Amino acid sequence: MASKTYRICSLPGDGIGPEIIAEGKKVLAAVGAKADVEFVFEDHLIGGAAIDACGNPLPQETLDAALSSDAVLLASVGGPKWDSTDPNAPRPEQGLLGIRKALGLYTNLRPVKIYDALAGASTLRPEVIKGVDMVLVRELTGGLYFGRRERFYDEEGAGANGAPGQRAYDTLEYREYEVERIARQAFEAARKRKNKVTSVDKRNVLETSRMWREVVHRVHDEEYADVELEDLLVDNTAMQLINRPADFDVVVTENMFGDILSDEAAQITGSLGMLASASLGDGVSLFEPSAGSAPDIAGQGIANPLAQILSAGMLLTYALDMVEEAGRIEDAVERVLNDGWRTRDIADASTPADHILGTAEMGDKVVEALA
Ligand code: IPM
Ligand code: MG
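Residues numbered from 1 in each chain as written. Chains lettered and ligands numbered in written order. Predicted model: local features only at pLDDT ≥ 70, side-chain atom pairs only at ≥ 80, totals over all residues. Heavy atoms only, no water.

Quick notes on the packing of helix 1 (residues 17–35) against helix 11 (residues 323–338)
So, step 1. For the pair helix 1 and helix 11, interaxial distance at closest approach is 11 Å and the crossing angle is 130°. Here helix 1 lies oblique to helix 11, going by the angle between them. With respect to the hand of their crossing, helix 1 and helix 11 are arranged in right-handed fashion. Of helix 11, the residues touching helix 1 (which contributes Val-27, Val-31, Lys-34 and Ala-35) are Glu-325, Arg-328 and Ile-329.
So, step 2. Across the contact of helix 1 with helix 11, the residue classes tally to 4 nonpolar, no polar and 3 charged. (Axes fitted to C-alpha atoms, helices over the stretch in contact; angles between N-to-C directions. Helix = DSSP H or I, 4+ residues; strand = E, 2+ residues; numbered from the N terminus. Parallel < 35°, antiparallel > 145°, perpendicular 65-115°, else oblique. Left-handed = near helix turned anticlockwise from the far one by under 90°. Contact = heavy atoms within 4.5 Å. Nonpolar A, V, L, I, M, F, W, Y, C, P; charged D, E, K, R; others polar.)

Digging into the domain arrangement of the chain
For an interface, size is often stated in terms of accessible area lost upon the parts coming together.
So, step 1. Domain boundaries assigned for the chain yield domain 1 (1–104 + 285–371) and domain 2 (133–267).
So, step 2. Taken over C-alpha atoms, the centre of domain 1 sits 26 Å from the centre of domain 2.
So, step 3. With 5 residues of domain 1 at the interface, the matching set in domain 2 holds 6 residues.
So, step 4. When the two sides are added together, the surface that domain 1 and domain 2 hide from each other amounts to roughly 570 Å², 64% of it contributed by carbon and sulfur.
So, step 5. It is Leu-97, Arg-100 and Lys-101 in domain 1 that bury the most area against domain 2; as a group they hold 74% of the surface buried on that side.
So, step 6. At the junction of domain 1 and domain 2, the tally comes to 0 salt bridges.
So, step 7. Applying the counting rule to domain 1 against domain 2 returns 1 residue pair in polar contact (both at pLDDT 80 or more). (Domains from an automatic or database assignment. Buried area = accessible area lost by both parts, 1.4 Å probe. Salt bridge = Lys/Arg side-chain N within 4 Å of Asp/Glu carboxyl O. Polar contact = N/O pair within 3.5 Å; in protein donor to acceptor, adjacent residues only side chain to side chain.)

Quick word on the pairing of strand 8 (residues 196–201)
Where a strand is regular, its side chains alternate between the two sheet faces.
So, step 1. Among the 6 residues of strand 8, 6 are classified as buried, and the element is accordingly described as predominantly covered.
So, step 2. Burial of strand 8 is two-sided: the residues Lys-196, Thr-198 and Val-200 facing one way and the residues Val-197, Ser-199 and Asp-201 facing the other way are all buried.
So, step 3. Relative to strand 9 (residues 228–233), strand 8 runs parallel, the two sharing 6 bridges. Note that in strand 9 the partner of Asp-201 across the bridge is Leu-233.
So, step 4. Both strand 8 and strand 10 (residues 250–253) contribute to a ladder of 4 bridges, which runs parallel. (Buried < 20%, exposed > 50% of the residue type's maximum accessible area, 1.4 Å probe, protein only. Pairing = 2+ DSSP bridges.)

Side note on the packing of aromatic side chains
So, step 1. A full pass over the atoms with the stated rule returns 5 aromatic pairs.
So, step 2. Seen from their ring centres, Phe-187 and Tyr-224 are 5.1 Å apart, and the 20° between their planes marks the pair as stacked. On the criterion of sequence distance, the pair formed by Phe-187 in helix 6 (residues 176–191) and Tyr-224 in the loop between helix 7 (207–223) and strand 9 is long-range, its members being 37 residues apart.
So, step 3. Accessibility expressed as a relative area gives 4% for Tyr-224, which makes it buried.
So, step 4. Grouped by ring-pair contacts, the aromatic residues Tyr-6, Phe-39 and Phe-41 constitute a single cluster.
So, step 5. Above the face of the Trp-341 ring, Lys-365 is positioned so that its terminal group lies 4.1 Å from the ring centre. (Phe/Tyr/Trp six-rings, centres within 6.5 Å; stacked < 30°, edge-to-face > 60°. Lys NZ or Arg CZ within 6 Å of the ring centre and 35° of its normal.)

Digging into unusual backbone geometry
So, step 1. Although it is not a glycine, Asn-195 adopts a positive phi angle of roughly 65°.
So, step 2. Tracing the backbone through its elements, the reader meets Asn-195 in the loop between helix 6 and strand 8.
So, step 3. We note that Ala-294 has phi near 40°; this positive angle belongs to a residue other than glycine.

Re the site of ligand 1
So, step 1. The full set of residues close to ligand 1 is Glu-93, Leu-96, Arg-100, Arg-110, Arg-138, Tyr-145 and Asp-259.
So, step 2. The separation between an oxygen atom of ligand 1 and a polar side-chain atom of Arg-100 is 2.7 Å.
So, step 3. Within the contact set of ligand 1, an oxygen atom lies 2.9 Å away from a side-chain nitrogen or oxygen of Asp-259.
So, step 4. Taken by itself ligand 1 offers 320 Å² of open surface, and the protein chains cover 79% of this.
So, step 5. Split into classes, the residues belonging to the shell around ligand 1 amount to 2 nonpolar, no polar and 5 charged.
So, step 6. In this structure, the shell around ligand 1 is formed jointly by two domains, domain 1 (1–104 + 285–371) and domain 2 (133–267), each of which donates at least three residues. (Near = heavy atom within 4 Å. Areas by Shrake-Rupley, 256 points an atom, 1.4 Å probe, with all protein chains shown as cover.)

Here's the deal with the sheet that holds strand 3 (residues 71–76)
So, step 1. Taken in spatial order, the 10 strands make up an open sheet running 2-1-3-12-11-4-5-10-8-9, and their pairing is mixed. A strand with exactly one partner marks an edge of an open sheet, and here the two such strands are strand 2 (37–43) and strand 9. If you compare each strand with its neighbour and ignore which way they point, the axes differ by 25° on average.
So, step 2. With 4 bridges connecting them, strand 5 (residues 133–139) and strand 10 associate as parallel partners. The residue of strand 10 that forms the bridge with Leu-136 is Val-251.

Points about the pattern of salt bridges
So, step 1. In the structure shown here, the tally under the stated rule is 29 salt bridges.
So, step 2. Between Arg-149 and Asp-170 there is a salt bridge, and its shortest N-O distance comes to 3.0 Å. Taken as a pair, Arg-149 in strand 6 (residues 149–154) and Asp-170 in strand 7 (residues 165–170) lie far apart in primary sequence, 21 residues in all.
So, step 3. Close ionic contact of Arg-175 with Glu-173 constitutes a salt bridge, the shortest N to O distance being 3.5 Å.
So, step 4. Here the salt bridges share partners, and the residues they tie into one network are Glu-176, Glu-180, Arg-184, Arg-218, Glu-222 and Glu-223.

Observations concerning the packing of helix 8 (residues 234–243) against helix 9 (residues 255–269)
So, step 1. Their axes nearest at 10 Å, the elements helix 8 and helix 9 cross at an angle of 10°. Comparing their axes, helix 9 and helix 8 come out roughly parallel. On helix 9, the residues that touch Val-234, Thr-237, Ala-238, Leu-241 and Ile-242 of helix 8 are Phe-257, Leu-261, Glu-264 and Ile-268.

So, in structure tokens, the structure goes:
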């Protein structure tokens, strides 16, 4: 009997989800065994898989299981199978957005770091990406993704020809306390790193952004004056992330900007398959790769499980305070990469064919490297 047991709610979801989450569990089990900790995994449905089983992308049973667990490990949701022209049809992504909201996970941390061994996988020049080590702090439960939206037909949608045409809107709303609490998360993160925050907005156009900037500065001046703070417009940020990625430390922004910029930041590293994330609130937290469900390669056993494995590492740090064990996972991943092992997505022309691994083989390599 292990001296400690943690209950992990496991949500494989869709596409490559079931394949990569198996590797995350494998690595957690191995780390746990060494630390005299047992992880009990309970699988539950979310996303398209849940729609298929019961018509609901976030079944109540899944939510209850998540709420009563010590942490949630999620893989990915979505796929063309659930694309529908019916705007009222359930969508897999509603499962993900729904669980973020229900668990109150307003902070999403997405670390972006260059592994020396993978410097060649980036599309940017080595001298540009040298030293890149940032964390994106994305607001996760507000803004456009949760605002009121509607699609309808009326005269205005028609234009000149007169017959009713379609109209649609989404609303972007933030409340002051939502900006305040995410700003605090960013400043706290910066204090543990290089003490610099870049706050991203679109103040020259959006009212929410003008409030965002004002609130971020107030929180800074009142509570975090020791942290360096810079403001950057989102379009300029998109450019500077490519131009001078190593200058960033903590980047804080609202939900949609963060969604877009985190994919861009991931590409700096060369593979979205390397990017882990932690979604935190005031209760149970959730850990998932930042990549999607990659339906095009699902079921082939070739997906990169490293983002999932690194997300399991973040779970140890943020949910269970097992910082040392999390470090062992990170070191193991780095060692595997340094030894030249690759999944297809991070291989390049110089990778020998026998060093290109499948999903489960990569998980095994990481477990080996833990030893
Ligand atoms: C992400 C994803 C999700 C998001 C989708 C799948 C709803 O793109 O985690 O970045 O937009 O948040
Ligand atoms: Mg995204």
